[in-house]
Amino acid sequence: MFEVWFGVALGLLLASNVALWLKLDRCYVDLHRMIENGGKIIEQKVDIDGIKDEIHDTIQDFMGGLHVPTAGDHLLGSVGQLLQMWGMKKFGGMATIAQQVIQPQEHEEL
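Residues numbered from 1 in each chain as written. Predicted model: local features only at pLDDT ≥ 70, side-chain atom pairs only at ≥ 80, totals over all residues. Heavy atoms only, no water.

Take the overall build of the protein chain next. The number of helices and strands found in the protein chain is four helices and zero strands. When the helices and strands of the protein chain are listed from N to C terminus, the series reads α-α-α-α. Buried positions account for 1% of the 110 residues belonging to the protein chain. Carbon and sulfur atoms make up 67% of the accessible area of the protein chain, which amounts to about 10900 Å² in all. (Helix = DSSP H or I, 4+ residues; strand = E, 2+ residues; numbered from the N terminus. Buried < 20%, exposed > 50% of the residue type's maximum accessible area, 1.4 Å probe, protein only. Areas by Shrake-Rupley, 256 points an atom, 1.4 Å probe, with all protein chains shown as cover.)

Counted under the stated rule, the structure contains two salt bridges. We note a salt bridge from Arg26 to Asp30, for which the minimum N-O separation is 3.7 Å. Residue Arg26 and its partner Asp30 are both found in helix 1 (residues 2-36); the two are separated by four residues, about one turn of the helix. Judged by its relative accessible area of 24%, Asp30 falls in the partly exposed class. The closest approach of N and O atoms between Arg33 and Asp30, which form a salt bridge, is 3.2 Å. (Salt bridge = Lys/Arg side-chain N within 4 Å of Asp/Glu carboxyl O.)

For the protein chain, per-residue confidence averages 84 on the pLDDT scale, and residues scoring 70 or more make up 89% of the total. Element-level pLDDT for the protein chain is lowest in helix 4 (residues 94-109), with a mean of 71, against a maximum mean of 91 in helix 3 (residues 71-91). (pLDDT = per-residue confidence, 0-100.)

Our next topic: a nonpolar patch on the surface. Taken together, Leu75, Val79, Leu83, Trp86, Phe91, Met94, Ile97, Val101 and Ile102 make up a surface patch of nonpolar side chains, about 910 Å² in accessible area. At the level of secondary structure, the elements contributing two or more residues to the nonpolar patch comprise helix 3 and helix 4. Counting residues per element, the nonpolar patch draws most heavily on helix 3, at five residues. Summarising the element assignment, Phe91 is placed in helix 3. (Patch = residues over 30% accessible without salt bridge, like charges linked within 9 Å, V, L, I, M, F, W, Y side chains within 5 Å.)

This is the structure we're talking about:
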C-alpha cells in the first residue's frame, strides 16, 4: 500500500515539474520577445490622481455600507454562541473518541 502512495506522489511530482518547465520555457520565450521589441514599446504615464480617486471611491463604498450593530445583531450573536456551547458540550468528546478509535488501527498497519 505504501508503494502505491509513493508511486502516486512521485508521479505527481514529475507531472508538476514538467508543467513548471513548460511554463518557464514559455516565459523565457516571451521575455526574449519583449527584450527584442523593447525599443518599440511606448510606455504610458501612470495617473496617480486616478488611482487615488479609485481608492477613495472604494473606501467610501465600503464605509457607506457599515452600520452600528442593532439589537437583532447582538441577539443573533448570542444565540450563535449558545448553539456553539451546546454543540461543544454534546459533541466535544467525539474528537477524543475518534482519536482512540483511529490510533489502534494505525499501529496495526505498521
